[in-house]
Amino acid sequence: MEIDQVKMRGYRLERTRKLLQEFNIDAAVLFDPLNLRYATGCRNMQVWTSHHLARYVFVPVEGPVVLFDYGGALHLSDNLETIDEARPAKSWDYFGSGHRAEEHAEKWAMEIIDLLHQTCGPNATLGIDRADLLPLLVLQKHNIKLADAKAPMEHARSIKSAEEIASIRQSMQICTDAISFMRSKTEPGVTENYLLSLMNQYNIEHGGEYQETRLLSSGHHTNPWFTESSDKIIENGEMLVFDSDLIGPDGVFCDQTRAFVVGDKKPTDDQRLLYAHAHEQLMHNMELLKPGLSYQEFSEKSWKMHDIYVPNRYAEQIHGIGFGVEYPVIYYPEDHETWQYSGHFEEGMCVCVESYVGPVGGPEGVKLEQPVLITKNGAVPLTNCEFEEDYL
């Protein structure tokens, strides 16, 4: 299916402006590469600019969108209808500015202030999604009213259009195929790093972009979770667990997690039990999802985790997906008092349902994760990547 990119970009810019207005922000400067890409459809060195603030965009509720791009890259936005003007970005980072960093931050701020006043008036509120100290101090010195633009951008991105959903499905299929390609090469004696490289290879060959994490592990590396891929050799009969975390075509975050036993050995009773509990949690929680369900109610009805798994529980039960991990996040009941905010699920949200079970001190753990679309009739899977039904 051909994705209507113009229609998708138009929807995203409209959502950006609508949510900025709802949050009483007249214009925003967006540095986060994901927010910048969402509002304009323009990408450039997405990983590099995530830690070098050398690219940003000015988006007013009403008025021209101005992209400030890196040096010789102004041509990247030539054919984008979402961008009215492109200018060279100003940077104040010490590695490029040295002892002139404060001077350059002043120049950056004065250009933004001038643009804000010309576009939105002298009393306008400016939103910023990522604040850096030096330019923030200058904006405050000039009494600019500031607001956090992260909140409106997260809410804007949380409801997907038909074109976005089609794009997500296509990218998820690339991810599923990358997993199949990796699995076809999986055998005892290969390393974790080798298998990780195969998923990256397939993804990039088919229009994907990069991988956000290195979460592929085997055997004792699977419990507790979050041990990154290494040169460990995978042995016959070990559990292999991987979180794809691929950034696929169109910048879609393809977040699928699966687990299986490597080699010609059948899974042990302990491995089958872990897998069955992880699968049960996933299916139970997916069944709950529907528009109007509050985050609190979901948590109260969610799968009751066995006590031995609780200390090693995953960070959350649900998180949104789009260009990355997005709003909303639903935590475990044990973490509600510390972290949980209010809200409810809405039609058009794309979320990932998470499960990790790993007994304290156990030799292995199992993580499963399924991306779904919330429709008026409940949750619909966004991928056909298979589970190990014969383990259950």
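Worth saying up front: this structure is predicted, and the values here are computed from it rather than measured. (Residues numbered from 1 in each chain as written. Predicted model: local features only at pLDDT ≥ 70, side-chain atom pairs only at ≥ 80, totals over all residues. Heavy atoms only, no water.)

**Description of the overall build of the chain**
Put simply, the rule reads: Only runs of H or I of at least four residues qualify as helices and only runs of E of at least two qualify as strands under DSSP, and these elements are numbered from the N terminus. Radius of gyration here is computed from C-alpha atoms only, and the compact-globule reference equals 2.2 Å multiplied by the residue count raised to the power 0.38. Partly exposed residues are those whose accessible area sits between 20% and 50% of the maximum for their type, while under 20% is buried and over 50% is exposed, using a 1.4 Å probe and protein chains only. Each accessible area is a Shrake-Rupley estimate made with a 1.4 Å probe; only the visible protein chains count as cover when residues are assessed. Charge counting follows a simple rule: Lys and Arg are positive, Asp and Glu are negative, and His as well as the terminal groups are ignored. By convention, charge coordinates are those of NZ in Lys, CZ in Arg, CG in Asp, or CD in Glu.
What the chain contains, in helices and strands, is 11 helices and 17 strands. Its C-alpha radius of gyration of 23 Å places the chain within 12% of the 21 Å reference for a compact globule of 392 residues. In the chain, buried positions account for 57% of the 392 residues. Carbon and sulfur atoms make up 51% of the accessible area of the chain, which amounts to about 17,100 Å² in all. The average position of the 34 basic charges and that of the 60 acidic charges among the side chains of the chain differ by 3 Å.

**Considerations on the sheet that holds strand 10 (residues 246-247)**
Cut-off, in case you're wondering: The pairing criterion for strands is at least two bridges between them, as found by DSSP.
Read from one edge to the other, the open sheet built from three strands follows the order 7-10-11, with strand pairing classed as antiparallel. Two strands bound the open sheet, and with one partner strand each, they are strand 7 (210-211) and strand 11 (253-254). Both strand 7 and strand 10 contribute to a ladder of two bridges, which runs antiparallel. In the strand pairing of strand 10, Gln-211 is matched with Leu-246.

**Looking at the sheet that holds strand 5 (residues 125-128)**
Using the following cut-off: Helix axes are fitted only over the stretch in contact, all axes being lines through C-alpha atoms; the angle between N-to-C directions runs from 0 to 180 degrees. Residues are treated as being in contact if the distance between any of their heavy atoms lies within 4.5 Å.
Overall, mixed pairing links the six strands, which are arranged 4-3-2-1-5-6 in an open sheet. Of all the strands in the sheet, the pair left with one neighbour each is strand 4 (85-88) and strand 6 (145-148). Taking the axes of each pair of neighbouring strands and ignoring which way they run, one obtains an average angle of 25° across the sheet. With respect to the sheet, helix 1 (residues 5-22) is in contact with strand 1 (27-30) and strand 2 (56-60), its orientation differing from that of strand 2 by roughly 65°. Strand contacts of helix 2 (residues 33-40): strand 1, strand 2 and strand 3 (66-69), with the helix running at about 50° to strand 2, the strand carrying the most contacts.

**Quick notes on the packing of helix 1 against helix 7 (residues 162-184)**
Heads up, the condition is: Angles below 35 degrees are treated as roughly parallel, those above 145 as roughly antiparallel, those between 65 and 115 as roughly perpendicular, and all remaining angles as oblique. Working rule for handedness: look at the near helix, and if it is turned counterclockwise from the far one by less than a right angle, call the crossing left-handed; if clockwise, right-handed.
Contact pair helix 1 / helix 7: the axes reach a minimum separation of 8 Å and the direction vectors enclose 120°. Regarding the angle of helix 1 to helix 7, the classification is oblique. When the axes of helix 1 and helix 7 are compared, the crossing they make is left-handed. Contact with helix 1, carried on its side by Lys-7, Met-8, Tyr-11 and Arg-12, involves Glu-163, Glu-164 and Ser-167 of helix 7 and no other residues of that element.

**Brief notes about the pairing of strand 3**
A two-sided burial pattern is seen for strand 3, the buried positions comprising Val-66 and Phe-68 on one face and Leu-67 and Asp-69 on the other. Looking at chain direction, strand 2 and strand 3 are connected through three bridges and run antiparallel. Residue pairing for strand 3: Val-57 is matched across the bridge by Leu-67. Count of turn residues in the strand 2/strand 3 antiparallel hairpin: five residues, of which Gly-63 carries a positive phi of about 125°.

**Structural notes on the packing of aromatic side chains**
Rules: The pairing test for Phe, Tyr and Trp rings, Trp by its six-membered ring, is centres within 6.5 Å, and the orientation test on the planes gives stacked under 30 degrees, edge-to-face over 60, and tilted for anything in between. Remark: a charge is flagged as sitting over a ring if the NZ atom of Lys or the CZ atom of Arg is within 6 Å of the ring centre and within 35 degrees of the ring normal.
Scanning the entire structure with this criterion turns up 18 aromatic pairs. Judged by centre distance (5.7 Å) and plane angle (40°), the rings of Phe-181 and Tyr-202 are tilted. Here Phe-181 is found in helix 7, whereas its partner Tyr-202 is found in helix 8 (residues 192-205), with 21 residues between them in sequence. Above the face of the Phe-387 ring, Arg-258 is positioned so that its terminal group lies 3.9 Å from the ring centre.

**Some details on the pattern of salt bridges**
What counts is decided by this rule: We define a salt bridge as a contact between a side-chain nitrogen of Lys or Arg and a carboxyl oxygen of Asp or Glu at a distance within 4 Å.
Within the structure shown, the criterion is met by 24 salt bridges. The partner of Arg-183 in a salt bridge is Glu-388, and the shortest N-O contact between them spans 2.7 Å. In this pair, Arg-183 sits in helix 7 while Glu-388 sits in the segment after strand 17 (378-381), placing the two residues 205 residues apart along the sequence. Relative accessible area serves as the criterion here: at 34%, Arg-183 is assigned to the partly exposed category. Looking at Glu-388, the relative accessible area reads 10%, which means it is buried. Taken together, the shared-partner salt bridges connect Glu-85, Arg-87, Lys-90 and Glu-111 into one network.

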